[in-house]
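A structural walkthrough
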Amino acid sequence: MKEIVFLLEEPSARAMIEGIVPRIEAEPPPVRYIVFEGKQDLERQLIRKLRAYRNPDAVFIVMRDQDFADCRDVKENLKRKCADAGRPGAVVRVACRALESWYLADLAAVEAAFGTRGLAQRQNDRKFRTPDGLGNPDRELKRLVPEYQKIGGSKLIAPHLDLDNERSRSFYHLVKTIKDSLSTNNEYYLPVEIEL
Amino acid sequence: MKIESIRLKNFKAFRNAEISELPKMCVFVGANGTGKTTLFNVFSFLKDSLTDNVHVALTKQGGGRGFQEVRSRGADGPIEIELKFREKGDSPLVTYSLSINEENGRPIVEREVLQYRRGSKGQPWKFLDFSRGKGRAVTNEPDKVTDGSALQREEHELKSPDILALKGLAQFEKFPASKALGDLLENWHVSDFHIQQARPERESGYAEHLSREGENLAHVTEYLYRRHPDIFKTIIEKLKQRVPGITGVDSKVTEEGRVLRRFQDGAFQDPFLARHVSDGTIKMFAYLVLLHDPKPHPLLCVEEPENQLYPRLLAELAEEFRDYARKGGQVFISTHSPDFLNACELEEVFWLQKADGYTIIKRASEDQQIKAYMEDGDKLGHLWRQGFFGGADPL
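Residues numbered from 1 in each chain as written. Chains lettered and ligands numbered in written order. Predicted model: local features only at pLDDT ≥ 70, side-chain atom pairs only at ≥ 80, totals over all residues. Heavy atoms only, no water.

1. What about the overall build of chain B?
Stated precisely, the cut-off is as follows: The secondary structure listing takes helices from DSSP runs of H or I that are at least 4 residues long and strands from runs of E that are at least 2 residues long, numbered from the N terminus. Just to be clear, the radius of gyration here is over C-alpha atoms, and the globule rule we use is 2.2 Å times residues to the power 0.38. Type-normalised accessible area, obtained with a 1.4 Å probe on protein chains alone, sets the label of each residue: buried when under 20%, exposed when over 50%, and partly exposed for intermediate values. Here a residue-residue contact requires only that any non-hydrogen atoms of the pair lie within 4.5 Å. Neither His nor the chain termini are counted; the positive set is Lys and Arg, and the negative set is Asp and Glu. We put the charge of a Lys on NZ, of an Arg on CZ, of an Asp on CG and of a Glu on CD.
Helices and strands together make up the secondary structure of chain B, namely 13 helices and 18 strands. The globule rule puts the C-alpha radius of gyration for 395 residues at 21 Å, and the 23 Å found for chain B is close to it. With the C-alpha coordinates of chain B rotated into their principal frame, the extents come out at 70 × 55 × 45 Å. Each of the 395 residues in chain B was classed as buried or not, and the buried ones make up 54%. Long-range contacts, defined here as pairs at least 24 residues apart, represent 57% of the contacts in chain B between residues at least 6 apart. Put simply, chain B has 56 plus and 60 minus side-chain charges, and the middle of one group is 2 Å from the middle of the other.

Structure (structure tokens):
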């Protein structure tokens, strides 16, 4: 039976994805979230979690923040682990640089979530035009919305995120991956790799 | 004495729940409010029913509206509790079932049966079968009877329909099964340790067993120090390994008759009094005292042993609980600690989850995915944190 399995580095990623899955597909197949205790824990346990997963029809989506590592290194390393675990079809998505980059790319959603007036207008400020390049998105977001916290904030923002937003490429690719895995009925479907 | 299974119907959050093939050590996890404490309360309820009557037991659990409050919301029909146990490893499986109802606003024992099978075939023999204050109990020694037809029964009427017939039978040495059950219900123990209770010096007194909240720790320390020096020495050795700096503990009764516990720190000449020692030290000391009890309880229930303890010590604590269970009593533990769970075995762990307002109990070993990961060398605490314990997580 088809199942979507997200392997995530922390609970805030789960909160975000839980907020967008029902908006992509009202009646999705079973979705499981395996939430690790940070990226080291994800890196360490990924192979075992994939290798001994019992459902042969499960579709895996691995996601972690890029933070200050090289995006391609992070991705290739995770891909290699998926292949080592016998799950070469698992899709790896890297948030450039962190979840907060995606929120900064959609200030209208942040404004709607927190009721902070005038935020959406600032989307055209130079630094929020392409927020994937911002070095410290967490700090930038807190500067705009001091009450933002990772899990609670993600729960609030996710329902407002514009799923067609292309301002952050990595968010766009994640949404596309989720759409592809949810929409296909073929149980043996392996999502097509998309270049970041 | 080992409990093999527990079945509950209409008991508070347990509308219909059953756990079977219980190991000597059982560990329960579950979000707040899923019924871990209620599960332990089954034994307080049975104890109160046995020593007083079901009316008192219901009032203790549910206040003035006793029966209505203890019976699951939205349920009608009686409250049912069934325990299956063995007196020893090879003795027959005994079933004790109790069904409590209400009639004209007063609780009554609808049915109370104690039965077991001799050998693996045939009808179970009912040693005790009562309903609404009347019934039959066996009078000859069951162990000497090999043919069911040789059992002699006598009609009895109890003083009131809300008392347990077991109360009478449990007194007699010649009924080992009922005596074992009575012993379990009277001597089971719950530990819900409160540091502030255990810290102060106390007027001298006598206690062999640590109390529920630990307020008699000073007395039990004094008892072990004087009467069981070898056990006391073991406790101190373990404490020294686990709490850096501690080199010894002793107990002293002052001239005014107060019991002092003095903790020696290797770096200082004068010992510290218990009231100045850290929470974690007191707690570790209390658990060591509890678990090295010269006369273990037949059933020990422990609520969240992890509080105040350094995470790395929890693995050893879990081993000590298992050791206690191996040597004597059965141990039920509720925990919220992944570190504690990491030290548990697959067969030992259960989780409680709510479904449509009522609690269901799941067993980790029956989940094929958890089993597959454990066979691959994973640990239960990690799997729990990663969300593999189904509905055990709060939303």
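2. Describing the domain arrangement of chain A
All names here are of chain A. Selection criterion: Domain start and stop positions are those given by an automatic or database domain assignment. Accessible-area loss on putting two parts together, using a 1.4 Å probe and summing over both, is the definition of buried area adopted here. We define a salt bridge as a contact between a side-chain nitrogen of Lys or Arg and a carboxyl oxygen of Asp or Glu at a distance within 4 Å. Distance and chemistry together define a polar contact, namely a pair of N or O atoms within 3.5 Å, with one atom able to donate a hydrogen and the other to accept it when in protein, and with adjacent residues in sequence counting only for side-chain atoms on both sides. Side-chain classes follow a simple rule in which Ala, Val, Leu, Ile, Met, Phe, Trp, Tyr, Cys and Pro form the nonpolar group, Asp, Glu, Lys and Arg form the charged group, and the remainder, Gly included, forms the polar group.
Domain annotation for chain A reports domain 1 (3-98 + 167-182) and domain 2 (99-150). One C-alpha centre belongs to domain 1, the other to domain 2, and the line joining them spans 23 Å. Across the boundary between the two partners, domain 1 contributes 17 residues, which contact 16 residues of domain 2. Ranking the residues of domain 1 by area buried against domain 2 places Arg97, Ala98 and Arg167 at the top, with a combined share of 43%. Inspection of the region where domain 1 meets domain 2 yields one salt bridge. Measuring nitrogen to oxygen at the nearest pair gives 4.0 Å for the salt bridge that ties Glu10 to Lys150. Across the contact surface, domain 1 and domain 2 share 10 residue pairs in polar contact (both at pLDDT 80 or more). Taken together, the elements giving at least two residues each to the side of domain 1 that touches domain 2 come down to helix H1 (11-24), strand E3 (58-65) and helix H9 (169-183). In terms of residue count, the dominant contributor to the side of domain 1 that touches domain 2 is H9 (four residues). Within the side of domain 1 that touches domain 2, the residues separate by chemical class into nine nonpolar, three polar and five charged.

3. A word on the packing of aromatic side chains
Residues and elements named next belong to chain B. Basically, it comes down to this: Only Phe, Tyr and Trp rings take part, Trp by its six-membered ring, and two of them pair if their centres are within 6.5 Å. Stacked means planes under 30 degrees apart, edge-to-face means over 60, and tilted covers everything else.
Evaluated as defined, the whole model comprises 20 aromatic pairs over all chains. Ring geometry for Phe28 and Phe332: centres 5.8 Å apart, planes at 75°, overall edge-to-face. Of this pair, Phe28 sits in strand E3 (residues 25-29) while Phe332 sits in strand E16 (residues 330-334), and the two are 304 residues apart along the sequence. Both residues of the pair, Phe28 and Phe332, count as buried. Pairing Phe193 with Tyr287 gives two aromatic rings, centres 6.2 Å apart and planes at 45°, and the pair type is tilted. Here the residue Phe193 occupies a position in the loop between strand E10 (189-191) and helix H6 (195-198), and Tyr287 occupies one in helix H9 (residues 279-291), the gap between them amounting to 94 residues. Relative accessible area serves as the criterion here: at 10%, Phe193 is assigned to the buried category. A connected cluster of aromatic rings, assembled from ring pairs, spans Phe28, Phe43, Trp188, Phe332 and Phe350.

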